[in-house]
Amino acid sequence: MSNDLPILELLPARLREARRAQGLSLDAVAKLSGVSRSMVSQIERGESSPTIATLWNLTRALQVDFAGLLDAQAGDKVDVLRASDVPRFDNMGHLCLIRILSPPEDVGGHEVYDITFEAGGSLKSAPHTRGATEQLTVLSGAVSVSSGTASQDLAEGDTARYAADVAHAIEATEPARVFLIVKNA
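Q: Even after reading the chapter, I still don't get the packing of helix α2 (residues 26–33) against helix α3 (residues 37–44), so can you show me in this structure?
A: Relative placement of two packed helices is described by the angle separating their axes and the distance separating the axes. Two numbers describe how α2 lies on α3: the axes approach to 8 Å, and their chain directions differ by 115°. Considered as vectors, α2 and α3 are oriented roughly perpendicular to each other. Where α2 crosses over α3, the two elements pack in a sense that is right-handed. Contacts between α2 and α3 involve L26, D27, V29 and A30 from the former and R37, V40, S41 and E44 from the latter. Here the contact of α2 with α3 is built from residues that sort into 4 nonpolar, 1 polar and 3 charged.

Q: Where do I start with the pattern of salt bridges in this structure?
A: Side chains that differ in charge, positive against negative, can pair when their charged atoms come close. With the rule as written, the count across this model stands at 5 salt bridges. Two residues, D114 and R177, come together in a salt bridge whose shortest N-O distance is 2.4 Å. Here D114 is found in strand β3 (residues 110–125), whereas its partner R177 is found in strand β9 (residues 176–183), with 63 residues between them in sequence. For D114, a relative accessible area of 4% gives the class buried. Owing to a relative accessible area of 36%, R177 belongs among the partly exposed residues under this scheme. Within the structure, one salt-bridge network assembled from shared partners comprises R99, D114 and R177.

Q: Even after reading the chapter, I still don't get unusual backbone geometry, so can you show me in this structure?
A: Backbone geometry follows two general trends: most residues other than glycine have a negative phi, and most peptide bonds adopt the trans configuration. Not every positive phi belongs to a glycine, and L95 is a case in point at roughly 55°. Relative to the assigned elements, L95 resides in strand β2 (residues 94–100). Take L95: its relative accessible area is 35%, and that puts it in the partly exposed class.

Q: Could you clarify how one ought to interpret the nonpolar core in this entry?
A: Side chains that are nonpolar tend, in soluble globular proteins, to be buried together. Of all hydrophobic cores here, the largest spans 19 residues; its most connected members are I115, F117, L136, V143 and L180. Mapped by element, the contributors of at least two residues to this core are β2, β3, β4 (133–140), β5 (142–147), β7 (159–163), β8 (168–172) and β9. Those residues in contact with L180 that sit more than four places away from it in its chain are E111, V112, Y113, I115, E134, Q135, L136, Y162 and I170. Core analysis: the second largest hydrophobic core is formed by 12 residues, L15, A18, L58 and L62 among them.

Q: Where do I start with α2 in this structure?
A: Along an α-helix, residues three or four positions apart point the same way, because every turn accommodates 3.6 residues. Considered for burial, the residues of α2 that qualify are L26, V29, A30 and S33. Within α2, the buried residues cover an arc of 100° as seen down the axis, which keeps them to one side. The exposed residues of α2 that point more than 90 degrees off its buried face are K31 and L32. Positive phi appears at G34, one or two residues downstream of α2, with a value of about 80°.

Q: For this particular structure, what's the right way to read the confidence of the model for the protein chain?
A: Parts of the model with low pLDDT should not have their predicted coordinates read in detail. Of the residues in the protein chain, 88% have a pLDDT of 70 or more, and the chain-wide mean is 85. The low-confidence segment residues 1–5 (pLDDT under 50) makes 8 contacts with residues lying over four places distant or belonging to another chain.

Q: Help me understand α3, please; the structure alone is not making it clear to me.
A: Of all the residues in α3, the buried ones are V40, S41, I43 and E44. Down the axis of α3, the buried side of the element spans an arc of 165°, and every buried residue falls inside it.

Conventions we followed
- Residues numbered from 1 in each chain as written.
- Predicted model: local features only at pLDDT ≥ 70, side-chain atom pairs only at ≥ 80, totals over all residues.
- Heavy atoms only, no water.
- Axes fitted to C-alpha atoms, helices over the stretch in contact; angles between N-to-C directions.
- Helix = DSSP H or I, 4+ residues; strand = E, 2+ residues; numbered from the N terminus.
- Parallel < 35°, antiparallel > 145°, perpendicular 65-115°, else oblique.
- Left-handed = near helix turned anticlockwise from the far one by under 90°.
- Contact = heavy atoms within 4.5 Å.
- Nonpolar A, V, L, I, M, F, W, Y, C, P; charged D, E, K, R; others polar.
- Salt bridge = Lys/Arg side-chain N within 4 Å of Asp/Glu carboxyl O.
- Buried < 20%, exposed > 50% of the residue type's maximum accessible area, 1.4 Å probe, protein only.
- Core = buried A, V, L, I, M, F, W, Y, C linked by side-chain atoms within 4.5 Å.
- Arc of directions from axis to C-beta.
- pLDDT = per-residue confidence, 0-100.

So this is what it looks like as structure tokens:
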């Protein structure tokens, strides 16, 4: 998109992209924002210009930055989180360090973690929301993954997908590093 497009020409596509990026239907956005489904649809098609209040409600529902939504350069940037700034937790499991790679606004949706285990380290989790799943890839070392009563041993390069809406755990049989994606339903 060129820098000289008026805001009202950029807005429909930006709102539609934000909605689709989160996998939300028009109905879902309407429920979250309090803006009628037909109005959301008209705005996305460029057939209606929203009031500032309506736009504010939509951006809050879509969890997008109001100013960034209207910035003509919004797609022309690379957001960087330096290694030194990545949030870390070493008290959420046993002998493991959890680095949170996903942005704060993704909590409860699509979360991404880099976890380093010492030998014998573990991360035991209570059930997440109904329908939640996890995908774990072993970057180095070896781990055992359990979900409910099922269990699998994984080596470097292996990937496991499993239900996270039951009790589940990751246990390192040797020093290990894993990449974990949590997808809540």
